[in-house]
Amino acid sequence: MRDIRLLDTPFNPGALIGPFTNANPGLGGVCTFVGEVRSDTGVEALELSHYEPLTLPGMHELADRAFARFDLMGLLMVHRVGLMRPGEPIVCVSAAARHRRGAIDAVDYCMDYLKSASWFWKREKRADGWHWIEPRAEDYSDRDRWE
């Protein structure tokens, strides 16, 4: 079961995870990561733009690689674009597998690639204006450990 979505409106991760879990009977473990706009660092808003012709196909390709690498039963990958406020979800990745390690590693793998090798551009609005946010060196090293 694959559910890959790119959304330009707010979403509730909890409303997605229950149906995803139920769609994968016999699973041994589900791992979920939800990333939200930080609310304690002076960020007033976050804006994600993307290159539409590549974004959703790239997310599907990432899902294909995760299925090929890990023993998955299902993968849920939802990512927001557009303007978001503190506390709003940006991304939800959930993996179902017969064993916990496959689910945990698949979520980690997908997030490492979404964070550092994807088709999104991110900027934050703070009190002094808008600032572009680039991946950190740690984001690249996290991704590189999978190669």
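First, a word on scope: everything that follows refers to the structure included in this document. (Residues numbered from 1 in each chain as written. Predicted model: local features only at pLDDT ≥ 70, side-chain atom pairs only at ≥ 80, totals over all residues. Heavy atoms only, no water.)

Overview of the packing of helix α2 (residues 52-69) against helix α3 (residues 100-116)
Part 1 of the reasoning: α3 packs onto α2 with a crossing angle of 150 degrees between their chain directions and a minimal axis gap of 10 Å. Regarding the angle of α2 to α3, the classification is roughly antiparallel. The interaxial crossing formed by α2 with α3 has right-handed handedness. In contact with Met59, Leu62, Arg65, Ala66 and Arg69 of α2, α3 contributes Tyr109, Cys110, Tyr113 and Leu114.
Part 2 of the reasoning: Tallied by class, residues from the contact of α2 with α3 come to seven nonpolar, no polar and two charged. (Axes fitted to C-alpha atoms, helices over the stretch in contact; angles between N-to-C directions. Helix = DSSP H or I, 4+ residues; strand = E, 2+ residues; numbered from the N terminus. Parallel < 35°, antiparallel > 145°, perpendicular 65-115°, else oblique. Left-handed = near helix turned anticlockwise from the far one by under 90°. Contact = heavy atoms within 4.5 Å. Nonpolar A, V, L, I, M, F, W, Y, C, P; charged D, E, K, R; others polar.)

Examining the pairing of strand β6 (residues 89-97)
Part 1 of the reasoning: Counting buried residues along β6, nine of its nine residues qualify, which places the element largely inside the surrounding structure.
Part 2 of the reasoning: In this structure, strand β2 (residues 29-36) lies alongside β6, joined through eight bridges in antiparallel fashion. Residue pairing for β6: Phe33 is matched across the bridge by Val93.
Part 3 of the reasoning: Summarising the sheet, strand β4 (residues 72-80) and β6 pair through seven bridges and their orientation is antiparallel. Considered in β6, the bridge of Leu75 is made with Ala95. (Buried < 20%, exposed > 50% of the residue type's maximum accessible area, 1.4 Å probe, protein only. Pairing = 2+ DSSP bridges.)

Concerning α2
Part 1 of the reasoning: With 18 residues, α2 should reach 26 Å at 1.5 Å per residue; the first-to-last C-alpha distance of 26 Å fits that figure.
Part 2 of the reasoning: Taken as a whole, α2 has its buried residues at Thr55, Gly58, Met59, Leu62, Ala63, Ala66 and Phe67.
Part 3 of the reasoning: Close packing links the buried residues of α2 with β1 (2-7), β3 (45-50), β4, α3 and β7 (120-126). (Expected span 1.5 Å × (residues − 1).)

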